[in-house]
Each structure stands twice: as structure tokens, then as C-alpha cells.
Amino acid sequence: MLSRRIIPCLDVRDGRVVKGVRFRDHVDMGDIVELALRYRDEGADELVFYDITASPESRSVDRAWVERVARLIDIPFCVAGGIRSVDDARAVLHAGADKISINTPALDRPALIDELAAAFGVQCVVVGIDSLRDADGEWRVRQYTGDPTRMRALARGTLEWIAEAQARGAGEIVLNCMGSDGVRTGFDIEQLSAARAVCGVPLVASGGAGEAAHFVDVFAKADVDGALAASVFHSGDVRIPSLKKQLRQANIEVRHV
Amino acid sequence: MDVVLIDAGGANIGSVRYAFERLGVAARFSADAEEIASAGRVVLPGVGAAANGMSRLRELGLVECVRDLKQPLLGVCLGMQLLYEGSEEGDVECLGLLQGRVRRLQGGPALRVPHMGWNTLQAVRPDALLEGVRADAQAYFVHSYAAPVTDDALATCTHGETFAAVVRRGNRMGAQFHPERSAAVGARLLENFLDMPA
């Protein structure tokens, strides 16, 4: 049976892992490869490296650390941040990443999703979505979320964007619910369930994890394929081995290590 | 051990090379028929679409070369699918080294396609390629198409339907999952492949 995936996310800035609350006030969390290996050893099923400075600064992701990670770890990993073209994606995949995740550039030019899917197959193409509920109750997409001074709200509805991204060739959707991100009160089950209903490809929940029970909830209630978190893993508040034990006790299929 | 990875344009073939590197083997890329034919071990990696993979092999003039290989050959993911007679993906004729046609996974409610993540292997019969791999080991899969379960299956996997996960016919072998990204299980399969008598 297919296991639900536990995915630590490593936000990368200037070659170091950082974490902020609600995308602000970033704090240094350590060396990329060191953390990657630690999570691999603890039983992470996959890793996401998100270069939080790449998109706002209009530069592509620095490849050197991608290759360092690819040489050392033997679980899959995805690289996000500043991938704007097929050539950018090829460089990252050639460096050894298994998947590439696009967010802001896909919103600027949705055809990029089609181009990446045609070039590398849908299984390589992850579309990341930062979403926030507006005062009128609608979930809408945010852009340039790595930089508070440039962050933009778009008119695009989140569910409508999930459907479009999928139709264009997204092989996976990572939905970051910004309202719950960094505040550790649990994943946004309501939004993720709504997303699940329109998402036929793998869906990864992001934003809000504070304790192991939140992971049990999101798998049981929103039927997501994976759950992504950063600070609870970095701080050690949630340890992957005991998290997986709790998930197993709740009859949620996870990989044994 | 002299290992050649066929460079047929797959996007992340680098990670397969690193997996061998972790086992202490410096595998090299080649798109040269002579170099491939004289290697001790040949790996056909590949991520992408079957039609692209085949047209790339044809452009490079490698179709006959791969068909004629006598040394141990391992196809990984799309590389394994290319060993079959054909694929529904792009309705393309493949290498025909293994019998059967690759078809799209049907999916369904709660069965997402692509099949992406760690899934359980179901051992079909013991083989040197799977020595030391637990009968219910988990491996990392990422694919939308799959090969049928035939006599060549050493292990299967189920995602709604059951499909071939590890296959072997003589010196032609394949893994639908990614050994390079399947932690200890994948490393063991690659080690077994290297240890295989030529």
C-alpha cells in the first residue's frame, strides 16, 4: 500500500537553512546537508528545499548545494525557488533533484507548467501554491511570498488554480495554507479538503503543523498524500520516528525505516 | 566494476550515478554504442515520456546496441518500461527485450496518478537481484505508466492494480521504482546488480 509521506521542508537562504514565522523574520537553522542527512536518518520520506530568496531576487537557484545533497542522500528531494524556464529546471534536475517545484513563475506564465511537463514528464513537475482566505471567504493565491515587501495578492482563486495547474501538467500540488503557516495550530483541514476534492494528482499539505496529532488529522480528514512541515522538525518538537509511530497507531500507512 | 549509464537525455540521470558513487563505483555516462557494448554493466535510466526516450535512443543509433547487449542490463523506471514491446504512452514501439506492453495506471478515487511515493514490494520469486531485500520492503515510485505482471516479475507492487516492480529475464533486468532514491532497499538492489556474474 502507498504510504503517506512525511516531508521536512528546508527553507534555504544564502546556502543555509532558515525558518521564519509567517514567512518573516528568518532565523538560521543550520547547514543544508547536515539537516538533510539528519532527516534522512530519522525517517523522512522526502525532502523539499525551498530557496526563499530566489524568486523575489529574480535569480535562479544556486546549483552547487543541489549537487551536494544529491550525492549524499538516498531519498527523493524536490527543489523550489526561482525556476522560470525549462533550462532552469533542467539544470536543477541534472544536478540531481528528483522534482522541481514552481510557484511565482507559474503564476506569471502558466504555460511554463505545460513546457516543463512536456520536457520532463508530469512526475517531475510540482506546483506550489501559497493561499490565504480573503475577507469575502474565498481562498486566493499569493505571489512573491518569500519577500514581505513584494508579496502580492492575486485575483486567482486557489481551487481554480489547482484545477488549471493540474490540467496543464502538474504532477503534484503543494498547498501552503498561509493563514495557518508558522502558528502551529494545525493544518487547514477545511481548505485542504476543498483542494482534495478538485485535485486528482498527489496533494501535499503545508502550513500549520505544531504537534503529531495535527499530522494524524490532516491525513485522516483531508486525505492528503503527504504533509510538509519545517519548524516543528527543526526545533525537535516533533520527532519523525515517534510521529510515524503515532500515525501507524491511527491506522495511517507510513514507511517503516 | 565498469558501469556505463546510457545517456539518453533523461533529466535526472545524475542521481543514478551518485547512487553508484555511494557504493564506491564510478559509473560513467555514454551515448556511444561501442563504449556501451564493451561495458561490464549497463544501466538504462530515464525519467520522462516513453516516446521521447525511444526517439532519443533511435537518434543516437543505440536501439540495436541495447537490444544486442549480453552483459547485465538494468532499466530504471522509464528505462525498465523501454525494455518492453511497446508503451501506451505515445503509442510507441519499445525495445522488445521483455514481453508485454506498458499501460497507463488507471487510478481512481483515492488512487492518485502519478503513483508517487513509497509503496510496498510483494516478492514473487527469489532471485539474486533481490537478495537481502525484505519480502515486504518499501521503495520509492514515481510513474504514471506500468508494466504488466508476467513470468519475468520478481516483485510486484499494487496501486489499485498490480504491476511489475522488479523484473528479470536472464541478463535483462528492471526496477520500476527508483533504487537511487529508495534508501537501503535501493542500494541493496544496485549492489546485487553489480555482484551479478556477467
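Reading guide: rules and limits
Residues numbered from 1 in each chain as written. Chains lettered and ligands numbered in written order. Predicted model: local features only at pLDDT ≥ 70, side-chain atom pairs only at ≥ 80, totals over all residues. Heavy atoms only, no water. Buried < 20%, exposed > 50% of the residue type's maximum accessible area, 1.4 Å probe, protein only. Helix = DSSP H or I, 4+ residues; strand = E, 2+ residues; numbered from the N terminus. Contact = heavy atoms within 4.5 Å. Pairing = 2+ DSSP bridges. UniProt positions renumbered as here; feature names shortened; annotations may be inferred. Polar contact = N/O pair within 3.5 Å; in protein donor to acceptor, adjacent residues only side chain to side chain. Phe/Tyr/Trp six-rings, centres within 6.5 Å; stacked < 30°, edge-to-face > 60°. Lys NZ or Arg CZ within 6 Å of the ring centre and 35° of its normal. Buried area = accessible area lost by both parts, 1.4 Å probe. Salt bridge = Lys/Arg side-chain N within 4 Å of Asp/Glu carboxyl O. Nonpolar A, V, L, I, M, F, W, Y, C, P; charged D, E, K, R; others polar.

A. Focus on helix α8 (residues 212–222) of chain A. Residues Ala212(A), His214(A), Phe215(A), Val216(A), Val218(A), Phe219(A) and Ala222(A) constitute the buried set of α8(A). For α8(A), the secondary structure elements touched by its buried residues are β1 (5–13), α7 (189–198), β11 (203–206), β12 (226–229), α9 (231–234) and α10 (240–249) of chain A.

B. Up close: the sheet that holds strand β11 (residues 145–146) of chain B. All names here are of chain B. Ordered in space as β6-β5-β7-β11, the 4 strands form an open sheet in which the pairing is mixed. This sheet does not close on itself; its edge strands, each paired only once, are β6 (92–93) and β11. Note that strand β5 (residues 86–87) and β6 share 2 bridges and pair antiparallel. Residue Ser87 lies in a different strand from β6, and its bridge partner there is Val92.

C. Summary view of the UniProt feature "active site" (unreviewed entry) in chain A. All names here are of chain A. UniProt tags Asp11 and Asp130 as "active site" (unreviewed entry). In this structure Asp11 comes out as buried when scored by relative accessible area, which is 9%. Not counting chain neighbours up to four residues away, the residues in contact with Asp11 comprise Arg16, Val17, Val18, Lys19, Tyr50 and Ile52. For Asp130, a relative accessible area of 5% corresponds to the buried category. At a separation of 3.0 Å, a polar atom in the side chain of Asp130 contacts the side chain of Asn103.

D. Broad picture of the packing of aromatic side chains. Under the definition given, this model contains 8 aromatic pairs over all chains. When the centroid spacing of 6.3 Å and the interplanar angle of 65° are considered together, the rings of Tyr39(A) and Phe233(A) count as edge-to-face. You can see Tyr39(A) sitting in helix α1 (residues 32–42) and its partner Phe233(A) sitting in helix α9, a full 194 residues away along the chain. Phe233(A) shares its class with Tyr39(A); the two are buried. Taking the centre distance of 5.6 Å and the plane angle of 85° together, the rings of Phe49(A) and Phe77(A) count as edge-to-face. Taken together, the residues Phe49(A) in strand β4 (residues 47–51) and Phe77(A) in strand β5 (residues 77–80) connect sequence positions 28 residues apart. Ring pairing ties together the aromatic residues Tyr39(A), Phe187(A), Phe215(A) and Phe233(A), which thus form one cluster. Positioned over the ring face of Trp118(B) is Arg255(A), at 3.9 Å from the centre of the ring.

E. Molecular detail of the sheet that holds strand β3 (residues 41–44) of chain B. Residue and element names in this part refer to chain B. Taken in spatial order, the 8 strands line up as β2-β1-β3-β4-β14-β13-β12-β9 in an open sheet, and their pairing is mixed. Edge positions in the open sheet fall to β2 (28–30) and β9 (122–123), since each of these has one partner strand only. Sheet topology places strand β13 (residues 161–169) next to strand β14 (residues 172–175); 4 bridges connect them, and they run antiparallel. Looking across to β14, one finds that Arg169 is bridged to Arg172.

F. Seen up close, the interface of chain B and chain A. The interface of chain B with chain A comprises 32 residues on the first partner and 41 residues on the second. Buried surface at the junction of chain B and chain A, summed over both partners, amounts to about 2,900 Å²; 51% is from carbon and sulfur atoms. Asp225(A) is the salt-bridge partner of Arg112(B), the closest N and O atoms lying 3.0 Å from each other. The interface formed by chain B and chain A includes 21 residue pairs in polar contact (both at pLDDT 80 or more). Of all the secondary structure elements, the ones that give two or more residues to the side of chain B that touches chain A are α1 (14–22), β8 (115–120), β10 (138–143) and α6 (183–195) of chain B. With 6 residues, β8(B) is the single largest residue contributor to the side of chain B that touches chain A. The residue makeup of the side of chain B that touches chain A, split by class, is 11 nonpolar, 14 polar and 7 charged.

G. Inspection of the side chain of His159(B) at higher detail. Residue position: His159(B) is located in strand β12 (residues 153–159). A polar side-chain atom of His159(B) sits 2.7 Å from the main-chain carbonyl oxygen of Arg112(B). When near neighbours in sequence (up to four residues on either side) are disregarded, His159(B) contacts Leu2(A), Leu111(B), Arg112(B), His115(B) and Asn119(B).

H. Quick look at the pattern of salt bridges. In the structure shown here, the tally under the stated rule is 39 salt bridges over all chains. Between Glu88(B) and Arg103(B) there is a salt bridge, with the nearest N and O atoms lying 3.2 Å from each other. Of this pair, Glu88(B) sits in the loop between β5 and β6 while Arg103(B) sits in strand β7 (residues 101–104), placing them 15 residues apart in sequence. A relative accessible area of 51% places Arg103(B) in the exposed class. Between Asp91(B) and Arg101(B) there is a salt bridge, with the nearest N and O atoms lying 3.2 Å from each other. With a gap of 10 residues between them, Asp91(B) in the loop between β5 and β6 and Arg101(B) in strand β7 connect regions that are remote in the sequence. Of the residues examined, Asp91(B) reaches a relative accessible area of 62% and is grouped as exposed. Residue class for Arg101(B) comes out partly exposed when judged on its relative accessible area of 37%. Within the structure, one salt-bridge network assembled from shared partners comprises Arg4(A), Arg196(A), Asp223(A), Asp225(A) and Arg112(B).

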